[in-house]
Amino acid sequence: MKLITAVIKPFKLEDVKEGLKAIGIHGMTVTEAQGFGRQRGHTEVYRGAEYNVDLLPKIRLEMVVTDEEAPAVVDSIVRSATTSKIGDGKVWVSSVEHVVRIRTGEVGPEAI
Amino acid sequence: MSAGNTAWVLVSSALVLFMTPGLAFYYAGMVRAKNVLSMLMQNYFVMGIVSIVWALVGFSLAFGKDAGFGLIGNFGFAGLLHLGLKGHIPGYSGSSALSIPPLAFMIFQMMFAIITAGLITGATADRLKFSSFAIFITLWSLLVYSPVAHWVFSPNGWLFKLGALDFAGGTVVHINSGMAGLAVAIVIGKRKGWPKEPMPPHSLPLTLLGAGMLWFGWFGFNAGSALGANELAAQAFVNTQLATAGGLLAWLLVEKFKDGHPTTLGAASGAVAGLVAITPACGYVNPLSSIVIGILAGAVCSVAVRIKFRFGFDDALDVVGVHVVGGIIGALSLGFLATTSINSAGSNGLFFGGGISLLGVQTLAVVSVMVFSFVASFILAKVIDKTFGLRVSRVDEEEGLDMTQHSEAAYSLSGTGRFGQ
């Protein structure tokens, strides 16, 4: 089992969700996040005073999938979330040891 | 006694009161989310305390019988006991006799005393200890506002007698509050982290809402200062609208060329700059002059708000850049643009055949109010700072004034956000 984590631009969330639905992924957790990478934030000007705002609003998506699904999920997110401009975000994959569905007590891939 | 005039002045009084919540929101939007309530609270507190103080003593000191040299009124109207419906306010006789009840005049002027005290809070945002602010503003209203109002507004005031023109309070309200704000800001020092750390406005929609309320209420402030429902009121009303429009557009234009983007904060600030500048002039100039004054104020103030970074004084929300500078522009513009064809009780400025004398008197009024307000406010703030402490502790400042001074939060979003329920 894999945990897929993606940090994307907020306005790309709908596209990413649609893309994942199309390949049969039906569960995810979404959090509002702030961050920066190479984009290094932006400049805001208030009454002529410039402020460099480095932490920008982002969306963090998390989902646990089977080992077989993982490559397609990553592909789908990358395809849906890209604008080809700096600040599109990242996707990373980590291994998951154990999963339990709280309602039924199912464990492992059954619980996904 | 005129029913129409009385009605207009009473309605104007309500309009001017409405400016103070407007100002509170205008300021509250500009501070960080942890200091929103402190800004609202300081202004609401002012509506409470200044009303009482004005009725007890303040009005009497400003408009009572002159106690000597046109510097301050006496205690004759203390508690409003001898004012009543038929009392006579010194100086308003002959051609300038009031056609409204003295109480209507008193309550109209009370609203001016309130908003002037409120304006100061922008300069000192994010770091004032509330209890000390309460003491400061009470004393300030009596020791600084009332004398200056006497000098300029009362027909027995020394600047009034010299012929200084100030229709609705360019010197009394704006320069006065701005210089006081500067003085207190210097006494308490810079906000922690300023100017290195970004302190962007937390809610510009609130600021624009507040600016709209100010603009609306300002018609009472300016047109109400005609003290009657007459031609002069209509003139002041029109001039107010035109100057505000000019200020708004000019500020946006400067931003567009200097910074690349016209901003909503710029629109709100430009409108307020226009309102400030036309305040002393609205009853003495023609509509075209009003547009010029507004544009000048919008353009100059948009640059003036940047000087605090050069001089290093933390006038948090630019009370100096907008109210002192805008007030000076308005007060001095009369020296050039005033015309007796608009108001026979005024004088002619340089461009209208009046020579240099009016400009001289206007300059004297501006400088006197600037110096007195700064020095008196500085001493008062210093005394309170040495005795009670005028600034919150560093820890309290970091945690925010809302929580540490009032034990409240402006935004309780936990029920709608991460933690459910």
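None of the values given here were measured: they were computed from a predicted structure.

### Examining helix α10 (residues 287–304) of chain B
All names here are of chain B.
1) Next: An ideal rise of 1.5 Å per residue puts 26 Å on 18 residues; α10 measures up with 25 Å between its terminal C-alpha atoms.
2) Next: Here α10 has its buried residues at S289, S290, I293, G294, A297, G298, C301, S302 and A304.
3) Next: Looking at the packing, one finds that the buried side of α10 touches α8 (231–259), α9 (264–278), α11 (307–311) and α12 (319–337).
4) Next: A distance of 3.1 Å separates the backbone nitrogen of L288 from a side-chain oxygen at the start of α10, and that oxygen is part of N286.

### A closer look at helix α2 (residues 70–81) of chain A
Residue and element names in this part refer to chain A.
1) Next: For α2, which comprises twelve residues, the first-to-last C-alpha distance of 16 Å matches the rise-based estimate of 16 Å (1.5 Å per residue) to within 8%.
2) Next: Along α2, the residues classified as buried are A70, V73, V74, S76, I77, S80 and A81. Viewed end-on, α2 has its buried residues packed into an arc of 165°, placing them on one side of the element. What points out from α2, more than 90 degrees from its buried face, is the exposed set P71 and R79.
3) Next: Those residues of α2 that are buried lie in contact with β1 (2–8), α1 (13–22), β5 (56–65) and β6 (89–95).

### Remarks on unusual backbone geometry
Residue and element names in this part refer to chain B.
1) Next: Here the residue pair W194 and P195 is connected by a cis peptide bond, since its omega of 0° sits within 30 degrees of zero.
2) Next: With respect to the secondary-structure elements, P195 resides in the loop between α6 (170–188) and α7 (204–223).
3) Next: Here F69, not a glycine, exhibits a phi torsion of approximately 60°, which is positive.
4) Next: Mapped onto the secondary structure, F69 falls in the loop between α2 (36–63) and α3 (102–120).
5) Next: Assessed through its relative accessible area of 76%, F69 is described here as exposed.
6) Next: Residues other than glycine seldom take positive phi values, yet S407 does so here, at roughly 55°.
7) Next: With respect to the helices and strands, the residue S407 is situated in the segment after α15 (401–406).
8) Next: What makes S407 exposed here is its relative accessible area of 59%.

### Side note on the interface of chain B and chain A
1) Next: Contacts between chain B and chain A engage 18 residues on the former and eight residues on the latter.
2) Next: A buried area of about 1000 Å², summed over both sides, lies between chain B and chain A, and 62% of it is on carbon and sulfur atoms.
3) Next: At the junction of chain B with chain A, the criterion picks out one salt bridge.
4) Next: Applying the counting rule to chain B against chain A returns four residue pairs in polar contact (both at pLDDT 80 or more).

### Digging into a nonpolar patch on the surface
1) Next: Among the surface-exposed residues, V367, V371, V375, I379 and V383 of chain B lie close enough to one another that they form a single nonpolar patch of about 410 Å² accessible area.
2) Next: Structurally, the position occupied by V375 of chain B is in helix α13 (residues 357–387).

### Focus: the packing of aromatic side chains
1) Next: Enumeration according to the criterion identifies 25 aromatic pairs over all chains in this entry.
2) Next: Three or more aromatic residues joined by ring pairs form one cluster here, namely W54, F59, F63, F77, Y92, F105 and Y145 of chain B.

### A short note on the side chain of R306 of chain B
1) Next: Turning to its location among the elements, R306 of chain B is positioned in the loop between α10 and α11.
2) Next: A polar contact is formed between the side chain of R306 of chain B and the side chain of D259 of chain B, at a distance of 3.1 Å.

### Quick notes on the environment of G118 of chain B
1) Next: Mapped onto the elements of the fold, G118 of chain B is located in helix α3.
2) Next: For the pair G118 of chain B and S407 of chain B, spaced 289 residues apart in the sequence, the C-alpha separation amounts to 22 Å.

### Re the sheet that holds β5 of chain A
Residue and element names in this part refer to chain A.
1) Next: Ordered by their spatial adjacency, four strands build an open sheet running β2-β5-β1-β6, and the pairing between neighbours is antiparallel. Where the open sheet ends on each side, the last strands, each with one partner, are β2 (29–35) and β6. Recorded for the sheet is a direction-independent mean angle of 20° between the axes of neighbouring strands.
2) Next: Bridge count for β1 against β6 is seven bridges, and the pairing is antiparallel. Note on β6: the bridge partner recorded for L3 is S94.
3) Next: Lying on the sheet, α1 is in contact with β1, β2 and β5; it crosses β5 at an angle near 15°.
4) Next: On the sheet, α2 packs against β1, β5 and β6 and is oriented at approximately 5° with respect to β1.

Rules behind the numbers
Residues numbered from 1 in each chain as written. Chains lettered and ligands numbered in written order. Predicted model: local features only at pLDDT ≥ 70, side-chain atom pairs only at ≥ 80, totals over all residues. Heavy atoms only, no water. Helix = DSSP H or I, 4+ residues; strand = E, 2+ residues; numbered from the N terminus. Expected span 1.5 Å × (residues − 1). Buried < 20%, exposed > 50% of the residue type's maximum accessible area, 1.4 Å probe, protein only. Contact = heavy atoms within 4.5 Å. Polar contact = N/O pair within 3.5 Å; in protein donor to acceptor, adjacent residues only side chain to side chain. Arc of directions from axis to C-beta. Buried area = accessible area lost by both parts, 1.4 Å probe. Salt bridge = Lys/Arg side-chain N within 4 Å of Asp/Glu carboxyl O. Patch = residues over 30% accessible without salt bridge, like charges linked within 9 Å, V, L, I, M, F, W, Y side chains within 5 Å. Areas by Shrake-Rupley, 256 points an atom, 1.4 Å probe, with all protein chains shown as cover. Phe/Tyr/Trp six-rings, centres within 6.5 Å; stacked < 30°, edge-to-face > 60°. Pairing = 2+ DSSP bridges. Axes fitted to C-alpha atoms, helices over the stretch in contact; angles between N-to-C directions.

As far as function goes, none of this settles anything; it's purely spatial.
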